[in-house]
Amino acid sequence: MCGIIGYVGEKEAVPILIKGLETLEYRGYDSAGVCVSVSEELNVIKKKGKIAELKQLPELSQINGNVGIAHTRWATHGEPNEINAHPHTDSKKEIAIVHNGIIENYYTLKKLLEDEGYNIVSETDSEIIAHLISKFYSGNLEEATMKALHFVEGAFGLVIMHSRERKIVAARKGSPLVIGIGNGEMFVASDITALMEHTKRVIYLNDDEIATLTPNNYSIKTLDGKEIDKNIDEIKWTVDQMEKGGFKHFMLKEIFEQPESIRNILRGRVKDNSVNLTLDFDFKEIEKIVLVACGTSWHSALIGKHFIEKLVRIPVEVDYASEFRYRDPLLDEKSLVVAISQSGETADTLAAIKEAKKKKAKTIGIVNVVGSSITREVSSGIYLHAGPEIGVASTKAFTSQVVALLLLSLYLRKEKNLSIDKEILDGLESLPEMIEKVLDSSEEIKKIAEKLKDKKNFLYLGRGLNFPTALEGALKLKEISYIHAEGYPAAEMKHGPIALIDDDMPVVFVCPKDDTYKKIMSNMEEVKARKGNIVAVINEKDDKISELAEHVIEVPKTSELLSPIVNSIPLQLFAYYIADFKGCDIDKPRNLAKSVTVE
Ligand code: M6R
């Protein structure tokens, strides 16, 4: 949510900043801007819209300087326009800031500054930080920032520069920032993807920390001025992983990467008919488990609840992370709270974990991005190793999360001295192949998508383990194609949504050959009787299905617990092709951002 990059070194800052913004564009794309210091003067260039529009401005090529900051925005306060775009400056145009997060006491601070004669020009909460730092500035940017932040309530990932200081200052509370250490140059960004081209050596800032970067040096302190010695981490992702690799969109590439991402999460963890994880809690003390997540990750949590309750017989609650801490959850040292997040930066999930820790619960994370905020908050966890997921719509991270939850359940079963069903382990091993088979049918799925691309509403239905699959299928379609879609438990349809069904309503059934099959067939009959247009994801064709469904997508039969993974793939492809036929901006759907770092 909003991308930030800053540079200080010997090179021209503008091309580095623009390239960084392009990498970060998946975090927000309402407006973008850069600020570079040239001969002790700040040059700010901003534009509403995507980075491509900023890039076209001729004045951009006219600013030469080697200290700069830049931002791509996902609007929170104030509409997406040029004035509200970052960087923001103080009235004297000496201080420029880019900000990610929300300033909660914005109105109070604004009033205070206006009463003192400061001229605030934008509708953003961010601009006031530039004025506040200016108020305290007396020759040292770091000190002025610390003083100003003392008055700020809320979340910030903040990068600041001063026209007369050859340095960048970065401060964090709640919104991620990472420092990149180069040779004779330093970087700061809201996530590592923007740094990978320049350096693999990074330092993650924690909350209430401030960094000051000069070309050859960095210092990190707490916001109250104590020096801190921090570890330098090494980024493992490679630059190639950040390319589309011949695919039209990152989303399509990531769908097709799933055989590999599943192999990666299993590697070294399933061995000798057992599951090995390194988790830092004593399972015997755990009496209940709570899974917290948002969006797609929340759908994986719903599947995880089935896994854990079935295999381990421990009660599991699934919470939207955003609701969790406001309901004063019943937790104690016998509870285990599992945060599930691709980015590891989702503010609500992070807040949920902090709440769990306050209540003495044990915490673990199921996270893709190594070193992200959630991973640093939990006591241990399971990395997905899915590689960078750039498409805003999550695909490969989802299937890896489901596998991670199954591994967790099997591991807990082992801890309980219960045997692990060989069929599940074999199923896990053959999962990449199964997914490859589904991917082989992408052309057929594309044809169905073409036929249904102009429909205005879709219903997705599934039962049991595949009810979350239906929810996820519907979410994928609405996120990237803007078609209204709802997921429902198939049997619940007759308690309301059935009223929507007519000959213009496609209903996608997830219908594996398991215990729910016969019941789902009855639900299909109910839809057919009302002339609904059925798309069925099935394991094998039979006469009954052929009679009821207009469109059939066959996927290989797996062990029951793995069916949500295999069944999700055609739904991802279906949503992708519909959105592509409609000409949608698939990797950057309107109004969305890849990681939501505001609560
Ligand atoms: O990074 P996270 O997994 O914590 O993100 C959670 C949601 O914001 C995310 O899954 C979102 O719903 C995606 N756009 C889904 O495709």
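These numbers come from a predicted model, not from an experiment. (Residues numbered from 1 in each chain as written. Predicted model: local features only at pLDDT ≥ 70, side-chain atom pairs only at ≥ 80, totals over all residues. Heavy atoms only, no water.)

What about the sheet that holds strand S11 (residues 201-204)?
As a reminder, the rule being used: Strand pairing is assigned whenever DSSP detects at least two bridges linking the two strands. Going along the chain from the N terminus, every DSSP run of H or I of four or more residues is numbered as a helix, and every run of E of two or more is numbered as a strand. Note on definitions: a residue-residue contact is assigned when non-hydrogen atoms from the two residues lie within 4.5 Å. Whenever a helix is involved, its axis is fitted only over the stretch in contact; in every case the axis is a line through C-alpha atoms, and angles between N-to-C directions fall within 0 to 180 degrees.
Sheet architecture is open: eight strands sit in the order S3-S2-S4-S1-S10-S9-S11-S14, paired in antiparallel fashion. The open sheet terminates on both sides in strands that have one partner only, identified here as strand S3 (41-48) and strand S14 (233-234). The pairing of S11 with S14 spans two bridges and is classified as antiparallel. Of the residues in S14, the one forming a bridge with Val202 is Asp233. The sheet contacts of helix H1 (residues 13-24) involve strand S1 (3-8), strand S2 (31-38), strand S4 (67-73) and strand S10 (186-189), and relative to S1 the element is tilted by about 155 degrees.

With respect to the site of the ligand
The condition is simple: One heavy atom suffices: a residue is near a molecule or strand as soon as one of its heavy atoms comes within 4 Å of it. Residues adjacent in sequence count toward polar contacts only when both atoms are side-chain atoms; beyond that, a polar contact is any pair of N or O atoms within 3.5 Å, and within protein one must be able to donate a hydrogen and the other to accept it. Only the protein chains shown count as covering a residue, and every accessible area follows the Shrake-Rupley method with a 1.4 Å probe. Any residue outside Ala, Val, Leu, Ile, Met, Phe, Trp, Tyr, Cys, Pro, Asp, Glu, Lys and Arg is labelled polar, Gly included; the first ten of those are nonpolar and the last four are charged.
Taken together, 13 residues sit near the ligand, with Ser297, Ser341, Ser343, Thr346 and Glu479 positioned nearest. Contacts to the ligand include Ser341, whose side-chain N or O atom sits 2.6 Å from an oxygen atom. The backbone of Gln342 places a nitrogen or oxygen atom 2.7 Å from an oxygen atom of the ligand. Against a free-state accessible area of 410 Å², the protein chains account for coverage of 91% of the ligand. Sorting the residues of the shell around the ligand by element identifies helix H8 (295-312) and helix H15 (467-481) as the ones contributing at least two each. Counting residues per element, the shell around the ligand draws most heavily on H8, at three residues. Within the shell around the ligand, the residues separate by chemical class into three nonpolar, eight polar and two charged.

A look at unusual backbone geometry
For clarity, the cut-off: Type-normalised accessible area, obtained with a 1.4 Å probe on protein chains alone, sets the label of each residue: buried when under 20%, exposed when over 50%, and partly exposed for intermediate values.
Each neighbour pair has its own omega, and for His86 with Pro87 the value is 0 degrees, a cis peptide bond. Along the polypeptide, Pro87 turns up in the loop between S4 and strand S5 (88-89). The phi dihedral of Glu40 falls on the positive side, at around 60 degrees, and the residue is not glycine. The topology assignment puts Glu40 in the loop between S2 and S3. The class for Glu40 is exposed, based on a relative accessible area of 52%. Residues other than glycine seldom take positive phi values, yet Asp272 does so here, at roughly 50 degrees. Position of Asp272 relative to the elements: it lies in the loop between strand S15 (270-271) and strand S16 (274-275).

Overview of the domain arrangement of the protein
Here is the rule: Per the annotation, domain bounds derive from an automatic or database assignment of domains. The term buried area means the drop in 1.4 Å probe accessible area that two parts suffer when joined, counted for both and summed. We define a salt bridge as a contact between a side-chain nitrogen of Lys or Arg and a carboxyl oxygen of Asp or Glu at a distance within 4 Å.
By the assigned domains, the protein splits into domain 1 (3-235), domain 2 (243-440) and domain 3 (441-587). On a C-alpha basis, the centroid separation for the pair domain 1 and domain 2 is 33 Å. Contacts between domain 1 and domain 2 engage nine residues on the former and ten residues on the latter. Counting each side, the surface lost to burial between domain 1 and domain 2 is near 770 Å², with a carbon and sulfur contribution of 53%. There are one salt bridge connecting domain 1 and domain 2. Linking Asp207 and Lys354 is a salt bridge whose minimum nitrogen-to-oxygen distance equals 3.0 Å. Summed over the shared surface of domain 1 and domain 2, the number is four residue pairs in polar contact (both at pLDDT 80 or more). In terms of residue class, the side of domain 1 that touches domain 2 is built from five nonpolar, two polar and two charged.

With respect to a negative patch on the surface
The test is simple: The residues that make up patches have over 30% relative accessible area and no salt bridge, and they are joined within 9 Å when like-charged or within 5 Å when they are Val, Leu, Ile, Met, Phe, Trp or Tyr. Counting rule for charge: Lys and Arg are taken as positive, Asp and Glu as negative, and neither His nor the chain ends is counted. To locate a charge, the coordinates of NZ of Lys, CZ of Arg, CG of Asp or CD of Glu are taken.
On the surface, a cluster of negative charge is made up of Glu443, Glu444, Glu540 and Glu554. Note that Glu443 resides in helix H14 (residues 442-452).

What about helix H18 (residues 563-581)?
Because each turn of an α-helix spans 3.6 residues, side chains separated by three or four positions end up pointing in the same direction. The condition is simple: Expected helix span is taken as 1.5 Å per residue step, with the number of steps being one fewer than the number of residues.
The end-to-end C-alpha separation of H18 is 28 Å, in line with the 27 Å expected for 19 residues at 1.5 Å each. Counting buried residues along H18, 17 of its 19 residues qualify, which places the element largely inside the surrounding structure.

As for the packing of aromatic side chains
Each aromatic ring pair is described using two quantities: the centre-to-centre distance and the angle formed by the ring planes. Spelled out, the test is: Geometry of aromatic contacts follows a simple scheme: Phe, Tyr and Trp rings, the Trp one being its six-membered ring, pair when their centres are within 6.5 Å, and the pair is stacked under 30 degrees between planes, edge-to-face over 60, tilted otherwise. For a Lys NZ or an Arg CZ to count as sitting over a ring, it must be within 6 Å of the ring centre and within 35 degrees of the ring normal.
Inspection of every chain in the model, using the stated rule, returns eight aromatic pairs. Centre to centre, the rings of Phe136 and Phe151 are 5.5 Å apart; their planes meet at 10 degrees, and the pair counts as stacked. One end of the pair, Phe136, is in helix H4 (residues 127-136); the other, Phe151, is in the loop between helix H5 (141-149) and strand S7 (156-162), with 15 residues separating them in the sequence. Connected via pairs of aromatic rings, a cluster forms that spans Phe458, Tyr460 and Phe574. Lying over the aromatic face of Tyr517, Lys513 brings its terminal NZ or CZ to 4.4 Å of the ring centre. In this arrangement the basic side chain of Arg590 is found over the ring face of Tyr482, its NZ or CZ atom lying 3.9 Å from the centre.

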